[in-house]
Each structure stands twice: as C-alpha cells, then as structure tokens.
Amino acid sequence: MTDPASALAPVVVKLLRRNRPYVTEQGARDRVREAALRPAAYGPPRRLRPDVRVDVVTDGGWPVYSITPTAPRTPVGGVVYVHGGGWVNQISSPQWRLAADVAAGTGAVVTVPVYPLLPHGSARVVRDRVAGIVRERTGRYGPTALLGDSAGGQIALSTALHLRDEGLRVPVTTLVSPALDLTFANPGIPRVQPRDPWLGVPGTRALAAAWSGDLPVTDPAVSPLFGDLGGLGPVVVFTGTRDILNPDARELDRRLRAVGGDVEFHEAPGQLHVYPLLPTAPGRAAARVLVEGIGRRLRPAP
C-alpha cells in the first residue's frame, strides 16, 4: 500500500520551494546572499522530548549544543551530529528531533555544533573543528560516533577520515543521504535528476565550489569519496532512489566493500533526499533503524 505522506512529500518540497537553492546557479547565489543578510535562527524547538535535557555553550565562537538523556544517569557514549542544509541552510526542527531521538534512544549525549555556513564557513575549517569536538567528547563521554545528513554527511565522513589519519577510529559513522563527491560527475546522476524534486546539480555544484574554499573540490575534506576508505570504523548509509546523491552513495558502498570495510547500506526505493527526516512511514521506520544501529555500536559487548 502506498504511504500517502510519501506521495505528498515531493509536492510539499516544491510548494515550499525547498529546491530553490539547488536547481540553478542563480538560486544558489541568491540563497548565499540571503543567508549573509538575514541569518536564520538555529536554536532547538521549545519542546523536543521530555526525556532529554538541552544545554548550550559557546566554543570558539560556535554555539555547541548538548542533548543529554535523563536516563541512564551515566551516558553510554557520545554522538556528534552534523546537520545538513546545502552548506547554507541552518539546522531545522526535523533535524533537532532526530538528534533528540538519538539521545533518548541510545543513552548517549548528542552534541550538535552550529557550524559557520556559507558565505563564512569552508570545508577545511569546519572539518577540523568538528574533529576537535569529537576528540573532546570522546575524552568526556567515551566512544563517540558521527552522524550527518546531506551536506552534514559530507562533513561527517570527511571528519571520520581525518580522525582515522590521526589515530582515532570512531565507533560508527552514520550517513543520511550524504554528499560524497562534490564534482557531481557520476554518470548515474543525470538518470536520477528527472525524478528528484529536491536537489539539482547546477545550484548544488555552485554551493559546493564555494564550500571548498582554498581546497580543490577533489580533496577528501571536500569530497570524501576521493579519500582512502580503508581502516574506517563501521559506516551506515541511508539513501533514497529519488535523490541525485544516490549514485554516489552506491559507489561509497561498493568502495567500502572493496577494501573490506564494515558497511551497512539501506536503500529505499522511491524515497526522497533525507527521507529518514521526513514524517512518512518509510522515514519513521528508517529513523528507528538509525537510532537502534547507533545504540548497538555504542553499547559495550556483554
């Protein structure tokens, strides 16, 4: 049976003009200018869940939020969640709700860094700071996982590669519809583009070029699919087939398996970009699998 919410999701995306920054280069430029003139609010909704507590500190100019479950009293570890939004849009209510669900469902403290967006942020600076936060949270809470959606998936995987090179392997890196190769050269993308109501290559490529800063777009800090994928900890990927990022997600799965990586690949036929964040039946089911998977990786073996 078709889920009515899934059928409506593409219509809602277009009605709300969520695709505006991505489908044309001009749309991308307009969104960057708008973000610079009128920065969006980023704080969590007043009501998340009754079983978590939210705190915030300013760390090096970044607001860094902690979502702590009220039970158990001793956290089982940590999760650093890097939100998506095309490197130009602030964290949204569905992303806050996912972060709270992860905290409550795993018993881990979820850290949400509000990182600088375009036109102020860049790939290398943000990756390095997120890596520092993971190291600090590992020292404070124990094993600390990475979670990222869309553009945040790019940052999360680039960070995991950087930390591995520094000798720290995170217990799991969970990627929701991640941006992986910011050249968008995968030959499968043009075949998916007509069915994707959300993302488009021209605008997304323009945002990616700005995000790369002083690095080539093929640097693993910008496009983690160009990195050496050996020696990573477990990687979990969620991707829908109506998403131009899906072909690169498949390529990541292939390359991780080729180097003997521990990869768990969830592909949802007919689902949109970041579908685990959407209020649909497949989205809610995927979010439950996501939370359970992080918790399983963080809990010590009996």
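In the block above lies the structure referred to throughout.
None of these values were measured; they are calculated from a predicted model. Numbering of residues starts from 1 in every chain and runs along the sequence as written. Only residues with pLDDT of at least 70 are given local features in this predicted model, and only at 80 or more are side-chain atom pairs given and counted; all residues enter the totals for whole chains, interfaces and linings. Water and hydrogen atoms were dropped before computing side-chain values, which therefore reflect all heavy atoms in the structure.

Q: How should I be thinking about the overall build of the chain in this particular structure?
A: On a plain count of helices and strands, the chain comes out with 10 helices and eight strands. C-alpha atoms define the radius of gyration, and 2.2 Å times the number of residues to the power 0.38 defines the globule rule. Rg of the C-alpha trace for the chain: 18 Å, near the compact-globule value of 19 Å for 302 residues, within the 12% margin. Considering only C-alpha atoms, the chain reaches an extent of 50 × 40 × 40 Å along its principal axes. Each residue is placed in one exposure class: buried if its accessible area under a 1.4 Å probe, protein chains only, is under 20% of its type's maximum, exposed if it is over 50%, and partly exposed if it falls in between. Relative to its 302 residues, the chain shows a buried fraction of 55%. Counted over contacts in the chain with a minimum sequence separation of 6, partners at least 24 positions apart contribute 78%. Per-residue and other accessible areas were derived by the Shrake-Rupley procedure at a 1.4 Å probe size, with only the shown protein chains allowed to occlude residues. With the model as given, the accessible surface of the chain reaches about 13,000 Å², and the carbon-plus-sulfur share is 54%. The chain carries 35 positive and 26 negative side-chain charges, and their two centres are separated by 5 Å. Going along the chain from the N terminus, every DSSP run of H or I of four or more residues is numbered as a helix, and every run of E of two or more is numbered as a strand. Any pair of residues with heavy atoms lying within 4.5 Å of one another is described as a contacting pair. Counted charges follow a simple rule, with Lys and Arg positive, Asp and Glu negative, and His plus the chain ends left uncounted. A charged residue contributes its charge at one atom only: NZ of Lys, CZ of Arg, CG of Asp or CD of Glu.

Q: How should I be thinking about the sheet that holds strand S8 (residues 263-272) in this particular structure?
A: Any two strands are treated as partners once DSSP identifies two or more bridges connecting them. Ordered in space as S1-S2-S4-S3-S5-S6-S7-S8, the eight strands form an open sheet in which the pairing is mixed. Two strands in the sheet have a free side with no partner beyond their single neighbour: strand S1 (52-59) and S8. Along the sheet, successive strands turn relative to each other by an average axial angle of 20 degrees, direction set aside. Bridge count between strand S3 (residues 78-82) and strand S4 (residues 109-113): three bridges; the pairing is parallel. Bridged to Val79 within S4 is Val110. To get an axis, fit a line to the C-alpha atoms, keeping to the stretch in contact for a helix; angles then go from 0 to 180 degrees between the N-to-C directions. Packing against the sheet, helix H6 (residues 151-165) makes contact with S3, strand S5 (144-149) and strand S6 (173-176), and its axis sits at approximately 150 degrees to S5.

Q: So what exactly am I meant to see when it comes to the packing of aromatic side chains here?
A: Aromatic rings considered in pairs are described by the distance between their centres and by the relative angle of their planes. The aromatic pairing rule takes the rings of Phe, Tyr and Trp, using the six-membered ring of Trp, and pairs them if the centres are within 6.5 Å, calling planes under 30 degrees apart stacked, those over 60 edge-to-face and the rest tilted. This model, assessed by the stated rule, comprises four aromatic pairs. Here Tyr65 and Trp96 contribute two aromatic rings whose centre-to-centre distance is 5.0 Å and whose plane-to-plane angle is 75 degrees, an arrangement assigned as edge-to-face. Here Tyr65, found in strand S2 (residues 62-69), pairs with Trp96, found in helix H4 (residues 93-106); they are 31 residues apart in sequence, far enough to count as distant. The class for Tyr65 is buried, based on a relative accessible area of 9%. Three or more aromatic residues joined by ring pairs form one cluster here, namely Tyr42, Tyr65 and Trp96. The criterion is that NZ of a Lys, or CZ of an Arg, lies within 6 Å of the ring centre and within 35 degrees of the ring normal, and then a charge sits over that ring. Note that Arg129 overlies the ring of Trp62, its terminal NZ or CZ placed 4.3 Å from the centroid.

Q: I tried to follow the pattern of salt bridges on my own but got confused; where do I start?
A: A side chain of one charge can pair with a side chain of the opposite charge when the charged atoms of the two come close. Here, a salt bridge means any Lys or Arg side-chain nitrogen found within 4 Å of an Asp or Glu carboxyl oxygen. The final tally for this structure, using the stated rule, is 20 salt bridges. Residue Arg49 pairs with Asp51 through a salt bridge whose shortest N-O separation is 2.8 Å. With relative accessibility at 32%, the residue Arg49 sits in the partly exposed group. A residue is classified by how much of its surface remains accessible, and Asp51, at 26% relative accessible area, is partly exposed. Between Asp253 and Arg257 there is a salt bridge, and its shortest N-O distance comes to 2.8 Å. Of this pair, Asp253 and Arg257 both sit in helix H9 (residues 246-258), four residues apart, which is roughly one turn of that helix.

Q: I tried to follow helix H5 (residues 123-141) on my own but got confused; where do I start?
A: Each α-helix turn comprises 3.6 residues. Residues three or four places apart therefore point the same way. Here the expected span of a helix is defined as 1.5 Å times the quantity of residues minus one. Compared with the 27 Å implied by 1.5 Å per residue over 19 residues, the 26 Å span of H5 between its first and last C-alpha is a close match. All of the buried residues in H5 are Ala123, Val126, Arg127, Val130, Ala131, Ile133, Val134 and Arg137. The buried residues of H5 occupy an angular sector of 160 degrees when the element is viewed end-on, so they sit on one face. The elements touched by buried residues of H5 are S2, S3, S4, S5, H6 and helix H8 (201-211). Phi turns positive one or two residues past the end of H5, at Gly142, with a value near 95 degrees. Directions are taken from the helix axis to each C-beta atom, and the arc is the one they span.

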